[in-house]
Amino acid sequence: MATTTKIRPRALVRASGGPRYAVALAVDALGTGLLRPFLLLYGVTVLRLSAPATGIAMTVGIVVGLVCMPAVGRWLDRGARSTVVAASMLVRALGVALLLATPAGHVWLFATAALFLGVGNQAWPAAHAALVATVAHGRERDAALAGGRALRNAALGVGALLATACLAGGTAALQALAAVTGLAYLAAAALAWSVQLRAHPAAAPDEDTADGPAPRMRALLAANVVYVFCLNVPEIALPLVLVTQLHASPVWSAAIFVANTVLVVTLQVPVTVLMSRFPRRTVLALAGGVLAVSYLGFLAATSLGHGWGAPAVAAVSVVCTLGEIVYAGSATALVTALAPAHVLGRALARFELSTGFGLAVSPAVIAALAPLGPAALWGSLAAATLLSASAVATEKDHGTRVSGCLPGIRSAG
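Everything quoted here is computed from the prediction, not taken from an experiment.

Trainee: Could you clarify how one ought to interpret the overall build of the protein in this entry?
Mentor: Helix and strand content of the protein: 16 helices and two strands. In summary, the protein has a C-alpha radius of gyration of 21 Å against a globular reference of 22 Å for 413 residues, a match within 12%. When the backbone C-alpha atoms are referred to their principal axes, the protein occupies close to 55 × 50 × 35 Å. A burial count over the protein gives 51% of its 413 residues as buried. If you take every contact in the protein between residues at least 6 apart in sequence, the share linking residues at least 24 apart comes to 86%.

Trainee: I keep staring at the packing of aromatic side chains and nothing clicks. Help me out?
Mentor: A ring pair, where both rings are aromatic, is described by two values, the distance of the centres and the angle of the planes. Within the structure shown, the criterion is met by three aromatic pairs. Ring pairing ties together the aromatic residues Tyr-295, Phe-298 and Trp-378, which thus form one cluster. A cation over a ring is seen here: Arg-152 above Trp-124, with NZ or CZ 4.4 Å from the ring centre.

Trainee: I tried to follow helix α10 (residues 218-227) on my own but got confused; where do I start?
Mentor: Because an α-helix completes one turn every 3.6 residues, residues spaced three or four positions apart along the sequence face the same direction. Counting buried residues along α10, seven of its 10 residues qualify, which places the element largely inside the surrounding structure. Restricting attention to buried positions, one finds in α10 the residues Leu-220, Leu-221, Ala-223, Asn-224, Val-225, Val-226 and Tyr-227. Tucked inside the fold, the buried residues of α10 contact α11 (229-244), α13 (280-302), α14 (309-338), α15 (344-369) and α16 (374-394).

Trainee: Please explain unusual backbone geometry as it appears in this structure.
Mentor: Peptide bonds are trans in most cases, and residues, glycine excluded, mostly fall at negative phi. Of note in the backbone geometry, Gln-196 takes a positive phi value of approximately 55 degrees without being a glycine. Of note, Gln-196 is situated in the loop between α9 (171-194) and α10. If you check the backbone angles, His-247 has positive phi at about 55 degrees while not being a glycine.

Trainee: Explanation requested: the environment of Leu-344 in the structure shown.
Mentor: By secondary structure assignment, the location of Leu-344 is in helix α15. Sequence separation of Leu-344 and Ala-111 is 233 residues, and the distance between their C-alpha atoms is 31 Å. Setting aside anything within four residues of it in sequence, one finds Leu-344 in contact with Asp-77, Arg-81, Ala-130, Ala-133, Thr-336 and Ala-339.

Trainee: Would you mind going over a nonpolar patch on the surface with me for this structure?
Mentor: A cluster of nonpolar side chains, contributed by Ile-56, Val-60, Val-64 and Val-67, occupies part of the molecular surface with about 360 Å² of accessible area. By the element assignment, Val-67 lies in the loop between α4 (51-65) and α5 (69-77). A relative accessible area of 63% places Val-67 in the exposed class.

Trainee: How do you make sense of the pattern of salt bridges when you look at a structure like this?
Mentor: A pair can form between side chains of opposite charge whenever their charged atoms are brought close. Summed over the entire model, instances satisfying the criterion amount to seven salt bridges. With a closest N to O distance of 2.5 Å, Asp-77 and Arg-346 form a salt bridge. You can see Asp-77 sitting in helix α5 and its partner Arg-346 sitting in helix α15, a full 269 residues away along the chain. The class for Asp-77 is buried, based on a relative accessible area of 10%. The exposure class assigned to Arg-346 is partly exposed, which follows from its relative accessible area of 38%. Of the charged contacts, one joins Arg-149 and Glu-324 as a salt bridge, the two residues approaching to 2.6 Å between their closest N and O atoms.

Trainee: What is the right way to look at the environment of Ser-390 in this model?
Mentor: In this structure, Ser-390 sits in helix α16. As for Ser-390 and Gly-288, which are separated by 102 residues in sequence, their C-alpha atoms are 8.5 Å apart.

Cut-off values and rules
Residues numbered from 1 in each chain as written. Predicted model: local features only at pLDDT ≥ 70, side-chain atom pairs only at ≥ 80, totals over all residues. Heavy atoms only, no water. Helix = DSSP H or I, 4+ residues; strand = E, 2+ residues; numbered from the N terminus. Rg over C-alpha atoms; globule rule 2.2 N^0.38 Å. Buried < 20%, exposed > 50% of the residue type's maximum accessible area, 1.4 Å probe, protein only. Contact = heavy atoms within 4.5 Å. Phe/Tyr/Trp six-rings, centres within 6.5 Å; stacked < 30°, edge-to-face > 60°. Lys NZ or Arg CZ within 6 Å of the ring centre and 35° of its normal. Patch = residues over 30% accessible without salt bridge, like charges linked within 9 Å, V, L, I, M, F, W, Y side chains within 5 Å. Areas by Shrake-Rupley, 256 points an atom, 1.4 Å probe, with all protein chains shown as cover. Salt bridge = Lys/Arg side-chain N within 4 Å of Asp/Glu carboxyl O.

Below, the structure written as structure tokens:
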């Protein structure tokens, strides 16, 4: 008999770290949404830097920020949880303070501010996942991670909308947005630190893992570099294709981005819970298949040319977003299930390194492939993603097992 999955919101909040931690996530993401989409604009308009210099400084900040991940992993494996989350927020607050203090024309101070922002942005996902993995277990953990992503995307979207409405105020508005962002990071850090959650490094492994060394996860980490390209498809690939190849109105790009955000916010938890009936690795491989199909769909849609091309691309973007949702709901959850408790931090840090690397190189790869034509761009992405999905599916797990439903999630006939 078919079943209908029901989710208990209160249990989901508890599994995600509790009400105060949920508020911290929302405040942090709201502040991030106010500034991060407009950081390049801040450098160009407020600090009067050239666009290439601003872009390079931001890229260097992101890449160098990845260097901190091994230290973050070791810190987590010593038992720190809420402290690391709070530290990631405080580092970003320092970055915003440096940004506000940077005089016009000083690219190196801007680059330093971008570095601190990059360190915080890279450290936060691993720290958050480790905290949730300490509070929740089994499939409840998967739903809690999905819930955190949905909440964060919703707050990011609200922040970006508020910032967009304020941009008419010019440079003064951008500086005010940066100041509010810094205050939001400080408030979120205080809330996260007040949770006072630690793990015991010597504790026995939880029900999802077996004791042993850190898993290599070579195929998973390599595949993840390709999978994360899907996160930049709505922001980079589709606007580039729609404007330069299909000569469509920028409104289509904006509509696709909004639709992507709404779908992630509304479907991330339900889809993750629905997929909990299957092994995490199988679900992650399925996500690769869905993404590859969407890339081939974009290839077909762009062949329609001006007129029908833009609506077709928008329709296919829904499939791509569904693949992104399935990927996001299974990838980090799989890492937390594979890693023994005493090396969870290092495993999550390695996974975040692969994610950060993929996010850093994907804009350059997309920009290089797009001028070569739709077949080069979408065909290459589809082939690489299918190869990655195959590698994920065939890699062997060691000492893991799939857990059933937990109290926060129940099925009713």
